[in-house]
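# Survey of secondary and tertiary structure
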Amino acid sequence: MAESMRGLKRSHRCTEVSASDTGTKVTVMGWVQRRRNLGSLIFIDLRDRSGLLQIVFDENNVGAEGFAKAGTLRNEFVIAVEGIIQKRAAAVNENLKTGDIEVIAESIRILSESDTPPFPIEENSQTRDDIRLKYRYLDLRRPDIQRNLMLRSRVAYLLREFMAKEGFLEIETPMLTKSTPEGARDYLVPSRVHPGNFYALPQSPQLFKQLLMCSGYDRYFQIARCFRDEDLRADRQPEFTQADMEMAFVDVDDVIDVNERLLQYVFRKAIGVEIPLPIPRMTWQEAMDRFGSDKPDTRFGMELVDVSETVRGCEFGVFANALENGGSVRGICVPGKGDLGRKQTDKLVDLAKTYGAKGLAYIQCKTDGTKKSSFSKFFTEEGLQALIDAMGGKPGDLLLFAADKNKVVWDVLGALRLHMAREMELLDPKQFNFLWVTEFPLLEWSDEENRFKAMHHPFTMPMEEDWDKIDSDPGAVRAKAYDIVLNGTELGGGSVRIHQNDIQEKMFEVLGFTQEQAWAQFGFLLEAFKYGVPPHAGLAYGLDRMVMLMVQAESIRDVIAFPKVKDASCLLTDAPGAVDAKQLEELGLAIRKI
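Cut-offs used in this document
- Residues numbered from 1 in each chain as written.
- Predicted model: local features only at pLDDT ≥ 70, side-chain atom pairs only at ≥ 80, totals over all residues.
- Heavy atoms only, no water.
- 1 Å grid on protein atoms, 1.4 Å probe; cavity = no way out; pocket = protein on both sides within 12 Å on 5 of 7 lines; lining within 4 Å.
- Points joined across faces, edges and corners; volume = space filled by probe spheres on them.
- Helix = DSSP H or I, 4+ residues; strand = E, 2+ residues; numbered from the N terminus.
- Nonpolar A, V, L, I, M, F, W, Y, C, P; charged D, E, K, R; others polar.
- Expected span 1.5 Å × (residues − 1).
- Buried < 20%, exposed > 50% of the residue type's maximum accessible area, 1.4 Å probe, protein only.
- Arc of directions from axis to C-beta.
- Contact = heavy atoms within 4.5 Å.
- Pairing = 2+ DSSP bridges.

Now for the layout of surface pockets. Counted as a void, the second largest pocket has a volume near 550 Å³. Together, 24 residues line the second largest pocket, and Gly-51, Leu-52, Leu-96, Glu-123 and Pro-143 are the ones closest to its centre. Here the lining of the second largest pocket gets four residues from one element, more than from any other, and that element is helix H4 (residues 143-165). A breakdown of the residues in the lining of the second largest pocket according to their chemical character gives five nonpolar, nine polar and ten charged.

Another point: helix H10 (residues 342-354). Since the α-helix packs 3.6 residues into each turn, any two residues three or four apart lie on the same face. The terminal C-alpha atoms of H10, which comprises 13 residues, lie 19 Å apart, in line with the 18 Å expected from a rise of 1.5 Å per residue. Every buried residue of H10 is listed here: Thr-345, Leu-348, Val-349 and Ala-352. Down the axis, H10 shows its buried residues gathered within 100 degrees of arc, on one side only. Seen from the buried face of H10, the exposed residues on the opposite side, beyond 90 degrees, are Lys-343, Lys-347 and Thr-354. Of the surrounding elements, those touching the buried residues of H10 are strand E14 (361-365), strand E16 (398-404) and helix H12 (406-423).

Spatially, five strands are ordered E12-E13-E16-E14-E15 in an open sheet, and the strand pairing comes out antiparallel. Sheet topology places strand E12 (305-306) and strand E15 (371-373) at the edges, where each strand pairs with a single neighbour. By the bridge criterion, seven bridges tie strand E13 (residues 328-334) to E16 in an arrangement that is antiparallel. Paired with Gly-331 across the bridge in E16 is Phe-401.

Quick look at empty space enclosed by the protein now. One way to see where empty space is left: roll a probe the size of a water molecule over the atoms. This structure, assessed with the given rule, holds two cavities of 30 Å³ or more. Its volume calculated, the largest cavity comes out at about 40 Å³. Along the walls of the largest cavity sit Thr-173, Pro-174, Met-175, Pro-202, Ser-204, Pro-205, Gln-222, Ala-224 and Arg-225, which together make up its complete lining. Split into classes, the residues belonging to the lining of the largest cavity amount to five nonpolar, three polar and one charged. In this structure, the second largest cavity spans a volume of roughly 30 Å³. Lining the second largest cavity are Leu-133, Arg-136, Phe-562, Pro-563, Cys-570, Leu-571 and Leu-572. Its residues assigned to classes, the lining of the second largest cavity comprises six nonpolar, no polar and one charged.

Here's what the structure looks like:
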């Protein structure tokens with residue numbers, strides 16, 4: 001039978017007491033982590049969000065009734081205990097913050113009983129994810145998950161603190177807004193009072209924060225909820241949190257300066273990691289050429305090498321055809337893997353195919369000095385050695401080559417580079433390598449839609465020196481866009497925005513919008529631009545990703561209280577679900593089976 005708290009008030013959390021409180025009477029409350037009954041003594045490990053505290057029940061102190069209650073306790077019972085802090089009589093537990101003290105109980109109340117949980121409440125749970133997420137309220141009791149969420153709260157506080165000191169105003173933007181055609185799919189919300197019309201949940205506060213710059217607020221900041229109806233990955237959710245900002249009368253260097261100092265402040269205060277400034281910068285082109293990725297992990301080498309000129313004129317059709325079609329031949333050198341077996345090299349070939357390659361060429365420089373290659377019959381001994389030399393290959397190394405259009409080559413070798421680094425355990429989670437990637441292409445070609453699309457969004461400012469190519473060679477125009485990358489993960493991204501009407505209208509034209517379509521979709525922004533808009537720029541961080549990297553979690557779900565799974569469903573609440581016919585009727589909606 002659960003008891004009332006009447007007359008009791010918690011005096012401390014479990015780890016808010018220490019040996020300096022010896023002799024103090026305390027009232028602590030929490031969950032039973034473990035019970036050990038030694039007959040004349042009962043030991044309880046009491047748990048709350050701060051950690052564990054040992055409670056000792058002795059009938060001489062707690063009385064017969066209290067001792068009997070202690071004997072009924074099971075894991076996850078919620079209890080309140082009054083008692084006296086004393087130093088431990090037995091061995092000190094060095095693994096606990098309170099390992100040198102215990103509470104000698106004088107009274108106990110059972111505030112709530114518990115059924116046997118479907119899995120143990122413990123750190124580093126081996127329970128299947130689907131079970132953990134179905135009972136997420138229990139999973140959230142695990143100390144490691146609680147530490148993650150407490151750190152997330154701390155990070156949010158530090159972000160706000162820094163931004164306030166820098167003169168940013170925290171302003172909320174709407175959650176019910178207008179659907180836009182560019183970017184990921186919107187989540188749509190039907191309107192009851194405007195039948196047949198829909199709101200969209202925001203993919204970001206982009207347009208509204210630009211309007212705030214038009215309104216003269218100068219520096220805006222918001223920790224904003226955002227929604228994207230897209231396929232999920234380990235670092236992606238359908239609803240997520242951005243630390244979003246915008247600044248007026250600034251250019252690229254101004255935004256980078258504020259954000260470098262912001263990152264340094266937050267990482268130092270939150271996890272004690274010192275970020276040396278300035279953070280290195282690398283253009284998008286250099287990142288792709290060296291790492292095959294626009295979010296390169298720079299904690300290890302294995303950089304891409306362009307060997308197109310070395311193999312030009314060779315008789316190997318795969319290389320020759322790639323070069324004839326305007327592509328390239330590039331490779332990576334994997335140190336110490338020259339003696340891999342056939343099964344292992346076949347797996348690498350299969351992996352390359354999943355990233356668009358038709359195959360994977362390789363040279364094994366074996367430790368005994370011999371060479372084995374998948375294409376050696378097309379090369380002379382001298383030609384093969386020249387290729388090995390161009391790659392910097394040594395005995396014991398494995399050389400992997402991709403030949404195709406540049407995008408395919410980059411994708412394949414970038415993925416293989418990361419795969420081999422994981423296999424070789426080269427990725428130190430305690431190492432934090434930050435990098436700015438700058439000068440992204442303004443546009444990217446979509447074969448599916450047969451048109452150029454904005455690589456970031458339609459409001460990104462082109463680099464002035466490239467603007468004269470917008471008609472003749474739009475794919476060569478670079479953007480004033482920048483991403484902040486941490487250990488191969490995009491932590492945030494932003495750009496300088498277009499503030500001139502003529503450039504904005506031309507941008508819409510290049511993207512295939514008629515003037516009417518542009519005004520139908522973005523008229524409220526274009527109208528605002530008629531009334532004096534300052535040059536402005538901004539950036540947004542994925543707060544979930546930032547905390548995930550800080551705590552070295554494998555999945556973003558471990559830093560979100562109630563996450564969705566891969567199909568965007570919630571195992572706890574069974575969302576999304578059907579609604580009754582009356583609700584659909586009020587909204588003027590009918591469900592069509594597909």
